[in-house]
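The residues making up each chain are set out below.
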Amino acid sequence: MPRVEGQKRKLLALLQILIRDTDENHPLSVPQLVEKLQDEGIVSERKSVYNDLATLKEIPGAKYDIVQQRGRGGGYYMTDAPFELAELKLLVDAVYASKFITARKSKTLIDKLGQFTSRYKQAELDRKVLVSGRIKSTDEKILYTVDALHTAITAGEQVQFKYCDWNLQKKMTPRHDGQLYCVSPWVLVWENGNYYLIAYTEGRLKHYRVDKMQSVHQLPGTVREGAAEYADFDVNTYMQQMFGMFNGPCKRVTLLCENRFAGAMIDRFGTVPILVPCPDGEHFKITVDIQVSPQFFGWVAGFGAGVSVSGPPEVRAEMKKTLDRIQEIYR
């Protein structure tokens with residue numbers, strides 16, 4: 001092996017040892033580093049290791065810091081790995097909580113994230129965040145579907161796929177006898193633990209749930225459509241208008257709410273809509289654009305008598321019809 005190439009391998013091996021086997025509570029002395037390098041099949045002398053440590057410290061723009069701890073039991077340790085432990089914990093929590101990542105793939109990803117911190121801190125990444133009611137996916141193909149969609153979006157090309165629904169046998173079956181959908185993908189969004197594709201088709205922008213898409217193929221040579229429509233499209237507004245990702249006619253709706261539900265309204269609609277206090281001092285009104293659907297009426301009903309539809313009259317009337325139908329069922 002040429003000397004320069006061997007030196008590069010030695011520096012990389014030393015760097016990996018510092019990342020994996022050291023932290024502020026577990027420094028390694030130079031003799032210990034020499035021994036660990038030997039375990040990697042690299043023969044070193046103490047003097048050369050001191051020189052290597054100095055070289056690593058002097059690398060411009062390095063994202064890590066090698067600190068020497070003096071005194072008995074001292075040595076060298078890495079203070080700044082590529083990720084802080086708190087950042088890794090956040091990523092691990094997101095993987096655990098993700099509905100579409102299978103349990104097996106979750107473990108694989110978390111094991112990989114553990115390689116970015118010392119082995120002494122990896123145990124802290126075994127967090128197993130519980131998300132109430134969250135059922136993990138059993139289909140790992142969604143990862144490749146997401147990747148294919150990102151590739152098509154970057155290339156500005158159309159995609160083709162089959163769109164499916166669950167049947168009573170708990171299997172995904174294609175809609176419309178396996179009809180192929182051809183759409184122009186613009187952006188992927190995350191809502192309620194699911195990925196959705198926003199795409200242009202049939203003269204407008206629509207959304208599709210990614211885990212219900214099968215046999216996704218990029219269509220090379222095609223040109224993505226809907227640029228003008230997407231330029232005027234506000235993704236955040238679109239997501240706020242819908243409930244349960246169900247479409248409906250867009251209406252400007254006023255809700256009458258008890259004051260204690262101010263936080264719930266802000267959580268759902270953000271801080272832009274104005275909360276208008278009522279003269280009684282116990283209620284406020286908020287006016288927002290809503291895609292009116294049964295899911296919206298169900299959301300309102302979930303607040304009991306604390307939230308009601310104040311207007312417009314046609315939406316208020318539809319809310320009443322929905323409640324009457326529910327009451328009839330439970331007579």
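Below or above, wherever it landed, is the structure these notes cover. (Residues numbered from 1 in each chain as written. Predicted model: local features only at pLDDT ≥ 70, side-chain atom pairs only at ≥ 80, totals over all residues. Heavy atoms only, no water.)

A short note on helix 3 (residues 46-57)
Here comes step 1: With 12 residues, helix 3 extends 17 Å between its outermost C-alpha atoms, agreeing within 8% with the 16 Å of an ideal straight helix rising 1.5 Å per residue.
Here comes step 2: Along helix 3, the positions that sit buried rather than exposed are Val 49, Asp 52, Leu 53 and Leu 56. For helix 3, the arc enclosing every buried residue in end-on projection is 100°, short of the 170-degree limit, so these residues lie on one face. (Helix = DSSP H or I, 4+ residues; strand = E, 2+ residues; numbered from the N terminus. Expected span 1.5 Å × (residues − 1). Buried < 20%, exposed > 50% of the residue type's maximum accessible area, 1.4 Å probe, protein only. Arc of directions from axis to C-beta.)

Quick word on the nonpolar core
Here comes step 1: Within the largest apolar cluster, 27 residues are counted, with the highest numbers of intra-cluster contacts made by Leu 149, Phe 161, Leu 197, Tyr 208, Val 210 and Met 213.
Here comes step 2: Phe 161 has contacts with Gln 179, Leu 180, Tyr 181, Val 183, Tyr 208, Met 213, Gln 214, Ser 215 and Val 216, leaving out every residue within four places of it along the chain.
Here comes step 3: Listed in part, the 20 residues of the second largest apolar core include Met 265, Val 288, Val 315 and Met 319. (Core = buried A, V, L, I, M, F, W, Y, C linked by side-chain atoms within 4.5 Å. Contact = heavy atoms within 4.5 Å.)

Observations regarding unusual backbone geometry
Here comes step 1: Omega for the bond connecting Gly 311 with Pro 312 falls within 30 degrees of zero, at 5°, which places this linkage in the cis form.
Here comes step 2: With respect to the helices and strands, the residue Pro 312 is situated in the loop between strand 12 (307-311) and helix 11 (313-329).
Here comes step 3: A positive phi angle, near 55°, is found at His 176, a position not held by glycine.
Here comes step 4: Among the structural elements, His 176 can be located in the loop between strand 4 (172-174) and strand 5 (180-191).
Here comes step 5: On the accessibility criterion, His 176 (54% relative accessible area) is exposed.
Here comes step 6: Phi at Glu 202 takes a positive value of approximately 55°, unusual for a residue other than glycine.

Observations concerning the environment of Ala 228
Here comes step 1: Here Ala 228 lies in helix 7 (residues 227-231).
Here comes step 2: Given the relative accessible area of 53%, Ala 228 is considered exposed.
Here comes step 3: Remark: the alpha-carbon pair of Ala 228 and Gly 73, spanning 155 residues in sequence, is separated by 66 Å.

Things to note about the pairing of strand 11 (residues 283-291)
Here comes step 1: As defined by bridge partners, strand 9 (residues 250-258) adjoins strand 11 across nine bridges and the pair is classed as antiparallel. When the sheet's bridge partners are listed, Lys 251 is paired in strand 11 with Ile 290.
Here comes step 2: Note: strand 10 (residues 276-277) against strand 11, two bridges, orientation antiparallel. Note on strand 11: the bridge partner recorded for Val 276 is Lys 285.
Here comes step 3: Count of turn residues in the strand 10/strand 11 antiparallel hairpin: five residues, of which Gly 281 carries a positive phi of about 75°. (Pairing = 2+ DSSP bridges.)

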